[in-house]
Amino acid sequence: MNAMANSAYFDNYSPVGDFISIALCFVIIALIQSTYVARKRSFLIFSGMVLFIVIAAYADVLYHVFYLNHLHDDHTLIYLFRIIYHSSLFIVLAGYIVYIVEVQQLEVRKKKVAYILAAVGFLVTNVVDILGSIMGFGFVVRPSGNTREGFNIFILGYLYFVIIVMYYMFRYRSRLFSRVMTGFYSTMAVSFVMLAIQGIFNQSAFTTVTFVFPIIAMLYLIHASPYDISLGAVSVSSFENHIKYNYKTGKDFIIMSLYMRDFDDENSHFPAEIQALIREFSSTYFRGAVLFQLSNGHVVLVADTNKNPDFENKVNSLLNNFNKEYERFRLDYKIILGKAIDEISKRNEYVRFLRHIQHGMPENNVHFIEYDDVASFNKQKFILDELGDIYRRKDLNDPRVEVYCQPVLNIKTQKYDTAEALMRLNLPDIGMVFPDQFIPLAEENDFIHVLSLIILNKTCNMIRKLIVSGYEVKRISVNISVLELRDDDFCNDIGTVIKKSGIPDDKIAIEITESQNESDFLIMKSKINELKEHGITFYLDDFGTGYSNIERIMELPFDIIKFDRSLVIASGSDTKSEQMVGSLANMFNELQYSVLYEGVENDMDEKLCIDMSASYLQGYKYSRPVPIERLTDFFEKRDA
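In short, a report on the structure. Every value quoted in this text rests on a predicted model; they were computed, and no experiment measured them. (Residues numbered from 1 in each chain as written. Predicted model: local features only at pLDDT ≥ 70, side-chain atom pairs only at ≥ 80, totals over all residues. Heavy atoms only, no water.)

### Focus on a nonpolar patch on the surface
A cluster of nonpolar side chains, contributed by Val127, Ile130, Leu131, Ile134, Met135, Phe137, Phe151, Ile155, Leu156, Leu159 and Ile163, occupies part of the molecular surface with about 1,000 Å² of accessible area. The set of elements that each furnish at least two residues to the nonpolar patch consists of α5 (108-135) and α6 (153-171). The greatest single-element share of the nonpolar patch, amounting to five residues, is contributed by α5. With respect to the helices, strands and loops of the structure, Ile130 is situated in helix α5. Residue class for Ile130 comes out partly exposed when judged on its relative accessible area of 34%. (Patch = residues over 30% accessible without salt bridge, like charges linked within 9 Å, V, L, I, M, F, W, Y side chains within 5 Å. Areas by Shrake-Rupley, 256 points an atom, 1.4 Å probe, with all protein chains shown as cover. Salt bridge = Lys/Arg side-chain N within 4 Å of Asp/Glu carboxyl O. Helix = DSSP H or I, 4+ residues; strand = E, 2+ residues; numbered from the N terminus. Buried < 20%, exposed > 50% of the residue type's maximum accessible area, 1.4 Å probe, protein only.)

### Focus: the environment of Tyr115
Its location among the elements puts Tyr115 in helix α5. In this structure, Tyr115 is in contact with Arg41, Val98, Val101 and Glu102, ignoring residues within four places of it in sequence. (Contact = heavy atoms within 4.5 Å.)

### Quick look at the packing of aromatic side chains
Under the definition given, this model contains 29 aromatic pairs. For the ring pair Phe543 and Phe588, a centre distance of 5.4 Å and an interplane angle of 90° mean the geometry is edge-to-face. Of this pair, Phe543 sits in strand β13 (residues 537-543) while Phe588 sits in helix α21 (residues 575-590), and the two are 45 residues apart along the sequence. Pair check on accessibility: Phe543 and Phe588 agree, each one buried. Members of the aromatic cluster, each reached through a chain of ring pairs, are Phe90, Phe154, Tyr158, Tyr160, Phe161, Phe192 and Phe211. Its guanidinium or amino end placed over the ring of Tyr620, Arg624 lies 4.0 Å from that ring's centre, counting from NZ or CZ. (Phe/Tyr/Trp six-rings, centres within 6.5 Å; stacked < 30°, edge-to-face > 60°. Lys NZ or Arg CZ within 6 Å of the ring centre and 35° of its normal.)

### A word on the nonpolar core
One finds Ile494, Phe563 and Tyr597 to be the most contacted residues of the largest nonpolar core, which totals 79 residues. Among the elements that take part in this core, helix α16 (residues 448-468) stands out by supplying 11 residues, more than any other. Not counting the four nearest positions on each side in its chain, Tyr597 is found in contact with Phe563, Val568, Val581, Ala585, Cys609, Met612, Ala614, Tyr616, Leu617 and Gln618. The next biggest cluster of nonpolar side chains, apart from the first, holds 56 residues, and it includes Ile45, Ile53, Val103 and Phe161. (Core = buried A, V, L, I, M, F, W, Y, C linked by side-chain atoms within 4.5 Å.)

### Focus on the layout of surface pockets
There is about 830 Å³ of room inside the second largest pocket. Taken together, 36 residues make up the lining of the second largest pocket; nearest its centre are Glu420, Leu422, Asn479, Asp541 and Asp542. Every element with two or more residues in the lining of the second largest pocket is listed here: β9 (415-427), α15 (435-444), α16, β11 (475-479), β12 (508-513) and β13. For the lining of the second largest pocket, the element with the most residues is β9, which contributes five residues. By residue class, the composition of the lining of the second largest pocket is 13 nonpolar, nine polar and 14 charged. (1 Å grid on protein atoms, 1.4 Å probe; cavity = no way out; pocket = protein on both sides within 12 Å on 5 of 7 lines; lining within 4 Å. Points joined across faces, edges and corners; volume = space filled by probe spheres on them. Nonpolar A, V, L, I, M, F, W, Y, C, P; charged D, E, K, R; others polar.)

### A few points about helix α9 (residues 236-249)
For α9, which comprises 14 residues, the first-to-last C-alpha distance of 20 Å matches the rise-based estimate of 20 Å (1.5 Å per residue) to within 8%. Buried within α9 we find Ser238, Phe239, Ile243 and Asn246. Viewed end-on, α9 has its buried residues packed into an arc of 140°, placing them on one side of the element. In this structure, α9 carries Asn241 and Lys248 as exposed residues pointing more than 90 degrees from its buried face. (Expected span 1.5 Å × (residues − 1). Arc of directions from axis to C-beta.)

### A look at unusual backbone geometry
Phi angles above zero are rare outside glycine, and Arg330 is one such case at about 55°. Positive phi, close to 65°, is recorded for Ser613, a residue that is not glycine. One can find Ser613 in the loop between α22 (603-611) and β16 (616-617).

### A short note on empty space enclosed by the protein
Following the criterion strictly, the structure yields four cavities of 30 Å³ or more and no others. Along the wall of the largest cavity there are 22 residues; nearest its centre are Leu258, Ile278, Phe281, Phe322 and Ile335. Split into classes, the residues belonging to the lining of the largest cavity amount to 19 nonpolar, two polar and one charged. Lining the second largest cavity are Leu93, Tyr96, Tyr158, Val162, Met188, Ser191, Phe192, Thr210, Phe211 and Pro214. If you list the elements that add at least two residues to the lining of the second largest cavity, you get α4 (76-103), α6, α7 (178-200) and α8 (207-223). Taken together, the residues of the lining of the second largest cavity sort by class into eight nonpolar, two polar and no charged.

### Details of the pattern of salt bridges
Side-chain pairing between opposite charges can occur once the charged atoms of the two side chains come close. Evaluation of the coordinates by the stated rule reveals 31 salt bridges. Across the pair Glu349 and Arg347 runs a salt bridge, and its minimum N-O distance is 2.7 Å. Accessibility expressed as a relative area gives 11% for Glu349, which makes it buried. Its relative accessible area of 29% is what places Arg347 among the partly exposed residues. The closest approach of N and O atoms between Glu598 and Lys562, which form a salt bridge, is 3.3 Å.

### What to know about the sheet that holds strand β4 (residues 290-295)
Sheet architecture is open: five strands sit in the order β4-β5-β3-β6-β7, paired in mixed fashion. Two strands bound the open sheet, and with one partner strand each, they are β4 and β7 (365-368). Ignoring which end each strand starts from, the neighbouring axes of this sheet average 15° apart. Pairing of β4 with strand β5 (residues 298-304) involves five bridges; the strand directions are antiparallel. Paired with Val290 across the two strands is Val302, which belongs to β5. Those strands touched by α9 are β3 (253-259), β4 and β5, and its axis lies near 130° from that of β4. Packing against the sheet, helix α11 (residues 311-329) makes contact with β3, β6 (334-339) and β7, and its axis sits at approximately 175° to β6. (Pairing = 2+ DSSP bridges. Axes fitted to C-alpha atoms, helices over the stretch in contact; angles between N-to-C directions.)

### Some words on α16
In this model, α16 (21 residues) spans 30 Å end to end at C-alpha, consistent with the 30 Å of a helix rising 1.5 Å per residue. Burial runs high along α16: 17 of the 21 residues are buried. Trailing α16 by a residue or two, Gly470 shows a phi angle of about 95°, which is positive.

### Quick notes on the packing of helix α17 (residues 490-501) against helix α18 (residues 518-532)
Interhelical geometry of α17 versus α18 gives an angle of 30° and a closest axis separation of 10 Å. One way to sum up the angle between α17 and α18 is to call them roughly parallel. Every pair of crossing elements has a handedness; the one defined by α17 and α18 is right-handed. Residues Phe490, Cys491 and Ile494 of α17 touch α18, and the partners they reach there are Lys527, Glu530 and Leu531. Residue composition of the contact of α17 with α18, grouped by class: four nonpolar, no polar and two charged. (Parallel < 35°, antiparallel > 145°, perpendicular 65-115°, else oblique. Left-handed = near helix turned anticlockwise from the far one by under 90°.)

### What to know about the pairing of β5
Burial within β5 is extensive, with seven of its seven residues counted as buried. Residues His298, Val300, Val302 and Asp304 line one face of β5 and the alternating positions Val299, Leu301 and Ala303 line the opposite face, and both faces are buried. With seven bridges connecting them, β3 and β5 associate as antiparallel partners. If you follow Leu258 over to β5, its bridge partner there is Val299. Connecting the antiparallel pair β4 and β5 is a turn made up of two residues.

Any link to function would need more than the numbers given here.
Structure follows, in structure tokens:
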């Protein structure tokens, strides 16, 4: 009776299920090849599981082919392909365990336990399966060609692996985003149901297919999905698609942005405790909210206002709880909250809009979006568009870029024979734009070098006019961004502009702010040395602010050290500060550096700086920045 049942079992077999499994695996491989997938350890495990499902499916087909062709004299191939089939499926089951603990990023000790459980399960099930056929208590092909199943270790092994997988998924569920968990559970439930239906109808055709479903879930939820499985966030491109969809369908939404600068560089990420809090906050307060990660330290939560009619109460509750957590962690943050702005939604510019607001916010503050923010953002956008146009035209006489100058008093001669050139933009519709509004934009978008060349060109041309008109011009300095020094053509560009103007090289000085970046320091040293050979003078700008390394300064061939206004203020506040600043200035003088004090505003500042070894003085006491043409009001003509 048992033999007849097994014969019927084989007679009812169809290779369709196995061929579907093979086809699905090849589709998965094709998708992986046509998209970018990070080659992490979890992906290698995933790839191995796909490979063994293909092997299992082929082995299952061959196993049934050899049996159904009545190879009664030699049953070796039947046993061989059955063992390969079961072993491959057990490898996949063991792979589920290894994969789960890998993506959960468990500690090494916990991973080892999981690996041991997987290895033990694989070895025991395979050994019992093989011994069952050898010793006769398992699967046996009789001389007549009929089979006897006997003790079925496959079902027990399957249950063993499933229980362990479920245990790790439930035990360490906090390590994964809840929607990812739901996806895994759903696909595994479908697999269980299919296996149960097969058992009821005494079929085995779709056993291999049930192993493919969780593989598809892994591909979609982890390797091909925008979800960050630890944080529960989706990508910036998904954020833009979400905004576009909401605008087209007329859905109103609220937006909540959290920025933490400590984690916003390419080598950083939110620590586990912060990730847990973000997951909790994103799923607790708002119904149907979606979390997006715009950068390593910047996440945005978007919630439908129709699904959250009491969103104002929810926002207040969220902020109250956030403040409690802040007391615990004390990490700097910037939070932006508000309802959707139709104008920004239409242009789908929330990423830039939020970053614009962040830029002007103090740390550890909450900002509620207002229409003034839109006006400010639109102005910035207009400025950026104009900067882009200036960059593309590369017209060194572009009228939108204007040169202002602040005269500098030479203490030794008591004359104004030097000045600092300062950049301004004069744009249609909005008028004069000051450096703090456009320099950061120009640096972020690589427009700064063209602006510097324009200022240099206009300064050189004005110096030529002054010299021709008989004025004494010792030099005029131009500010250069450290970022420009990274350009291989920097020195050539500077030299070409000066040469075309026809003025001596020593009439130009370059002001640079020190960088703490090691590679920038080495580049700076090289470029300064190269240009100094042509007679160009170099100023170290803003000494006393941010990063100032005396040892580094000594390695760089600067000519003049500019002491920042903050040092002038500090010197006037107490004797100790005055002695310290004075000692630094005296040391630089003895080392053949000239000292220029910025921000001199009154007679008291002037006397203080002169007493502290000043060579040059600059500030509102002498003049505010004026159009470069007005330097004739300060520079003197040479004696006839």
